[in-house]
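Residue strings, one per chain:
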Amino acid sequence: MTAIRRALTREDLVPLASAAVGGGRVLADAARLPGGSKKGVYRLTFDDGFSAIAYVWSPDEDYWDAGPSDLRDPFSHGTGLDLFTAAHDRLAAAGVRTPRLLHVDTGARQAVVEDLAGGSLEAALPHDPTLPDRLAVLIDTLHAHTGPRFGKVALVDAGGSSHGTSCERRVLEGALRDIEEVAGREPRLAAVRDRVADRVRAWAAEVRPRTRHTLIHGELGPDHVLLTPDGHLALIDIEGLLYFDVEWEHVFLELRFGQAYDALRRPGLDEDRLRFYRLALHLSLVAGPLRLLDGDFPFTESMRAIAEYNLVRVLELVGR
C-alpha cells in the first residue's frame, strides 16, 4: 500500500521562509503548485505581497519512490538538493538564466528561489511568435558549453565519471530495459518486443563514436521555461542537467515543441544518432509514466496520455 502523502502547510514552511527573506516579512500563505512528481514546489506569499518559490526534496514529495540513486548513471533519478545547487551554479557560470537562488537549507533539503511572475513559455507561445527564436538563443548559449566526460553535472564537475563507455551505449542499455518493462505491462508492445529490440540494436550500431559532451538540460520542454518580468527566458527543473550528446536534447525539443521546433533546429546534428535517440526517448516516455501510475501520482490522466502517445510513436517507428 502506498503511503499517504501530506502537502506541507504554511506553518511547516515558516522557518524556511523567514530564513530566506529575513524578519521583515511574515509568511501569509504557502500553496503547493500542481504537476511536480520529484519534489514539492510551493509558492510562498508574504504579508507585503512579495512572493518566492520553495523547493522541497523529501520522500513524501517524490511520487516515483525510486529509492537510492546512483549519481554515476546519467539517467538515474534526477532529483535532490545537491543536484539542484550544482546545476544552478553551472548554469550561472554559463550565462544561462534560471530563478535566482535566495536560500538553501542543506539539513532540511530545501531551497527558496525567486518567483518569476512572467508565466510559462508554454502559456505564452501561442501569443508571441518571437519566443521560439528567443529560446533558440538561450539554447545556443547552453549548448556552447561542454564537459570533459558525459554524465550529470554534479558528478562531472566534481571530478567524477559515469558508468559505461559512451552516451549511445547508455541509451541502448536503457532502451532495452524499457522494452522489457513495457512489454510486461502493455500487450501491444509485447506482441512486437523482438522487432523493437532488433530495431533499437540495429540503429544503435550505426551511431559513430564521439568524444564531445555538450551541456544539456535533458528535459527541455515549454513547461520548463519561465518568463521573467522583463521578458527574458529562464530554465527551471534543472536537476537533470548533464553533459551528453546534443542530439538527446534535440529529440526532446522536437517532441515537445512540435511546429515551433523549426526555430530550434540546428545544422550539423548526427542523423543516425537522432534516429536512434528518437526511438529510445519514446520508449522511455512509455516506461516512465506507466511506472509512475503504479503509485499514487494524482495526475493520472496526463500520465496515461503521455504513455499512449509515445507507445503509438514506437509502434509507428518500427512498423506494426
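Everything below is about the structure printed above this text.
Residues numbered from 1 in each chain as written. Predicted model: local features only at pLDDT ≥ 70, side-chain atom pairs only at ≥ 80, totals over all residues. Heavy atoms only, no water.

Considerations on helix α4 (residues 131–143)
Okay, step 1: Here α4 contains 13 residues, and its C-alpha end-to-end distance of 18 Å stays within 8% of the 18 Å for a straight helix at 1.5 Å per residue.
Okay, step 2: Buried within α4 we find Leu131, Pro132, Leu135, Ala136, Leu138, Ile139, Leu142 and His143. For α4, the angular spread of buried residues about the axis comes to 165°, placing them on one side.
Okay, step 3: Each element contacted by the buried residues of α4 is listed here: α2 (81–94), α3 (121–124), β8 (213–216), β9 (225–227), β10 (233–235) and α9 (246–257). (Helix = DSSP H or I, 4+ residues; strand = E, 2+ residues; numbered from the N terminus. Expected span 1.5 Å × (residues − 1). Buried < 20%, exposed > 50% of the residue type's maximum accessible area, 1.4 Å probe, protein only. Arc of directions from axis to C-beta. Contact = heavy atoms within 4.5 Å.)

Description of the pattern of salt bridges
Okay, step 1: Applying the stated criterion across every chain, the model contains 33 salt bridges.
Okay, step 2: As a salt-bridge pair, Glu308 and Arg188 come within 2.8 Å of each other at their nearest N and O atoms. Within this pair, whereas Glu308 is found in helix α11 (residues 300–318), its partner Arg188 is found in helix α7 (residues 187–190), the two being separated by 120 residues in sequence.
Okay, step 3: Exposure remark for Glu308: the relative accessible area of 34% places this residue in the partly exposed category.
Okay, step 4: Of the residues examined, Arg188 reaches a relative accessible area of 35% and is grouped as partly exposed.
Okay, step 5: The partner of Asp245 in a salt bridge is Arg210, and the shortest N-O contact between them spans 3.2 Å. Taken as a pair, Asp245 in the loop between β11 (242–244) and α9 and Arg210 in the loop between α8 (193–205) and β8 lie far apart in primary sequence, 35 residues in all.
Okay, step 6: On the accessibility criterion, Asp245 (2% relative accessible area) is buried.
Okay, step 7: Within this structure, Glu168, Arg208, Arg210, Asp245, Glu247, Asp270, Asp272 and Arg273 form a network of salt bridges that share partners. (Salt bridge = Lys/Arg side-chain N within 4 Å of Asp/Glu carboxyl O.)

Looking at the pairing of strand β4 (residues 101–105)
For a regular strand, side-chain orientation follows a simple rule: the groups alternate between the two sheet faces.
Okay, step 1: The pairing of β4 with strand β5 (residues 110–114) spans 4 bridges and is classified as antiparallel. Looking at the pairing, Val104 lines up with Ala111 of β5.
Okay, step 2: Here β4 folds back onto β5 in antiparallel fashion, the turn holding 4 residues, of which Arg109 has a positive phi close to 55°. (Pairing = 2+ DSSP bridges.)

Some points on helix α10 (residues 271–292)
Okay, step 1: A rise of 1.5 Å per residue sets the reference length of α10, with its 22 residues, at 32 Å; its end C-alpha atoms lie 31 Å apart and thus fit the reference within 8%.
Okay, step 2: For α10, the N-terminal capping position is held by Asp270, with its side-chain oxygen 3.0 Å away from the main-chain nitrogen of Asp272. (Polar contact = N/O pair within 3.5 Å; in protein donor to acceptor, adjacent residues only side chain to side chain.)

Some points on the pairing of β5
Okay, step 1: The buried fraction of β5 amounts to 5 of the 5 residues, a majority that puts the element mostly inside the structure.
Okay, step 2: Of the pairings in the sheet, the one linking strand β3 (residues 51–56) to β5 comprises 5 bridges and is antiparallel in character. Counted as the bridge partner of Ala52 is Glu114 from β5.

So, the sheet that holds strand β7 (residues 151–152)
Okay, step 1: On the basis of which strands lie adjacent, the open sheet formed by 4 strands has the order β6-β8-β11-β7 and antiparallel pairing. The open sheet terminates on both sides in strands that have one partner only, identified here as β6 (146–147) and β7.

Regarding the side chain of Thr214
Okay, step 1: Relative to the assigned elements, Thr214 resides in strand β8.
Okay, step 2: Given the relative accessible area of 4%, Thr214 is considered buried.
Okay, step 3: Every residue in contact with Thr214, bar those within four places of it in the chain, is listed here: His143, His145, Thr146, Leu242, Tyr243, Phe244 and Val246.

Describing the sheet that holds β4
Strands belonging to one sheet form pairs held by backbone hydrogen bonds; the direction of such a pair is parallel or antiparallel.
Okay, step 1: Taken together, the 5 strands give an open sheet; going across it, the order is β1-β2-β3-β5-β4, and neighbouring strands pair in antiparallel fashion. Bordering the open sheet on either side are β1 (27–32) and β4, each of which pairs with just one other strand. Each neighbouring strand pair of the sheet contributes to a mean axis angle of 20°, computed without reference to strand direction.
Okay, step 2: Against the sheet, helix α1 (residues 10–21) engages β1, β2 (40–46), β3, β4 and β5, with an angle of about 115° to β1.
Okay, step 3: Of the strands in this sheet, β3, β4 and β5 touch α2, which is tilted by about 150° from β4. (Axes fitted to C-alpha atoms, helices over the stretch in contact; angles between N-to-C directions.)

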